[in-house]
Amino acid sequence: MKVVVVGSINLDLVVQADRFPKVGETMFGTDSKMLPGGKGANQAVAAARLGAEVTMVGCVGNDAYGEIVLKNFQENQVDVSCVKKVAEPTGVAYITIAENDNSIILVQGANACVDRSLIDDSKAQILAADIVITQCEIPLDTIEYLIDLCAENDVCLVLNPAPAPEIDRAHLVKATFLTPNEIEINQLFEQEAELVLQKYPNQIIMTYGANGVRYHDGEKIVEISSYQVPVVDTTGAGDTFNAAFAVAFGQKQDLAAAIDFANLAASKTVQGLGAQSAMPRIEELV
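As the structure is a prediction and not an experimental result, all values here were calculated from the model. (Residues numbered from 1 in each chain as written. Predicted model: local features only at pLDDT ≥ 70, side-chain atom pairs only at ≥ 80, totals over all residues. Heavy atoms only, no water.)

### Some thoughts on the UniProt feature "domain: Carbohydrate kinase PfkB" (unreviewed entry) in the chain
Then step 1. Summarizing the sequence annotation, UniProt attributes the feature "domain: Carbohydrate kinase PfkB" (unreviewed entry) to residues 2-280 in the numbering used throughout.
Then step 2. Structurally, residues 2-280 comprises 34% helix and 25% strand, and the distance from its first C-alpha atom to its last is 19 Å. (UniProt positions renumbered as here; feature names shortened; annotations may be inferred. Helix = DSSP H or I, 4+ residues; strand = E, 2+ residues; numbered from the N terminus.)

Below you can see the structure in the form of structure tokens.
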């Protein structure tokens, strides 16, 4: 089963602390790590670990960070033939983990170079995919171009609208599936969530974190519970969810079963530290 992920590639610089610092405060942390990340890269690695044949479409800098993330892709059996090296530095995310939560500052870097020409260069891989996944850490124009390409060619597309983009709604609803969280759905549609779900049945899959997932099946709101587990780090849980959902749906599971599988995969991720480092392999879920 072929998955193409179009999106961001970062190196995550992760710091752990007992609490978040106050403005202007210097304090000691308890640990630090340098980990491959970026929502696109996270989803690509998660899908590959769950058994999909994955191609990554994105950009990295011609720098040491770029070499680290490319090596990580190769170690996870992700095809990097559509990853382009550019003059801009590799994207970086500065992540602080404290108090069972995280805060993130993202420097876009090479991710700003994911443009229409890269989509055109990767068109054969995109059109041959069973399912395409994208997010919103790359230029909006590129996302809209990809949505149109997939819609015009009947390619299944999962759009994870994070961070919530200022995207034209006509483009937004062309995606086969839209996977906002509770905050993002309000930002995108400016309506009550239940009304939005009802308007777009079996298309908008709204995540509620520990409270599970909701969607409308054409007759009623369906709620699928999350798995209650001890939480170490929530970084990457949403990316795991999207990748696992895409893999399961691409393997012809029905919507509810695909969501439940995605919840299970995400529950494994939150029990470990980091994004990709905590993402499960298929043998852990079956």
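From this point, the discussion proceeds with the structure in view.
### What to know about the sheet that holds strand 11 (residues 206-207)
Then step 1. Within the open sheet, the three strands sit side by side as 11-12-13. Their pairing is antiparallel. Of all the strands in the sheet, just strand 11 and strand 13 (221-224) have a single pairing partner and so form its edges.
Then step 2. By the bridge criterion, two bridges tie strand 11 to strand 12 (residues 213-216) in an arrangement that is antiparallel. Residue Thr207 lies in a different strand from strand 12, and its bridge partner there is Val213.
Then step 3. Sitting on the sheet, helix 10 (residues 255-269) is in contact with strand 12 and strand 13, with an inclination near 165° to strand 12. (Pairing = 2+ DSSP bridges. Contact = heavy atoms within 4.5 Å. Axes fitted to C-alpha atoms, helices over the stretch in contact; angles between N-to-C directions.)

### Let's talk about the sheet that holds strand 10 (residues 177-178)
Remark on secondary structure: sheet strands pair via backbone hydrogen bonds, oriented parallel or antiparallel.
Then step 1. Strands sit in the order 5-4-1-8-9-10 across an open sheet of six strands; the sheet is parallel. In this open sheet, the two strands that pair with only one neighbour each are strand 5 (78-86) and strand 10.
Then step 2. Where strand 8 (residues 131-134) lies against strand 9 (residues 157-159), three bridges are found, and the strand directions are parallel. Bridged to Ile133 within strand 9 is Val158.
Then step 3. Packing of helix 2 (residues 64-75) onto the sheet brings it into contact with strand 4 (53-61) and strand 5, and relative to strand 5 it is tilted by some 165°.

### A few points about the nonpolar core
Soluble globular proteins tend to pack their nonpolar side chains together in the buried interior.
Then step 1. Counting residues in hydrophobic clusters, the biggest one holds 48 residues, and the most contacted among them are Val54, Phe73 and Ile259.
Then step 2. Of the residues forming this core, the biggest block, eight residues, is contributed by helix 10.
Then step 3. Excluding anything up to four places from it in sequence, Ile259 contacts Ile205, Val213, Tyr215, Ile224, Phe241 and Phe245.
Then step 4. Grouped together as the second largest cluster of nonpolar side chains are 37 residues, Ile185, Ala193, Val196 and Tyr208 included. (Core = buried A, V, L, I, M, F, W, Y, C linked by side-chain atoms within 4.5 Å. Buried < 20%, exposed > 50% of the residue type's maximum accessible area, 1.4 Å probe, protein only.)

### Overview of the pattern of salt bridges
Then step 1. Tallied over the entire structure, the rule returns nine salt bridges.
Then step 2. Where Glu67 meets Lys85, a salt bridge forms, and the shortest distance between an N and an O atom there is 2.5 Å. On the criterion of sequence distance, the pair formed by Glu67 in helix 2 and Lys85 in strand 5 is long-range, its members being 18 residues apart.
Then step 3. A salt bridge links Arg214 to Glu223; the nearest nitrogen and oxygen atoms lie 3.5 Å apart.
Then step 4. On the accessibility criterion, Glu223 (57% relative accessible area) is exposed. (Salt bridge = Lys/Arg side-chain N within 4 Å of Asp/Glu carboxyl O.)

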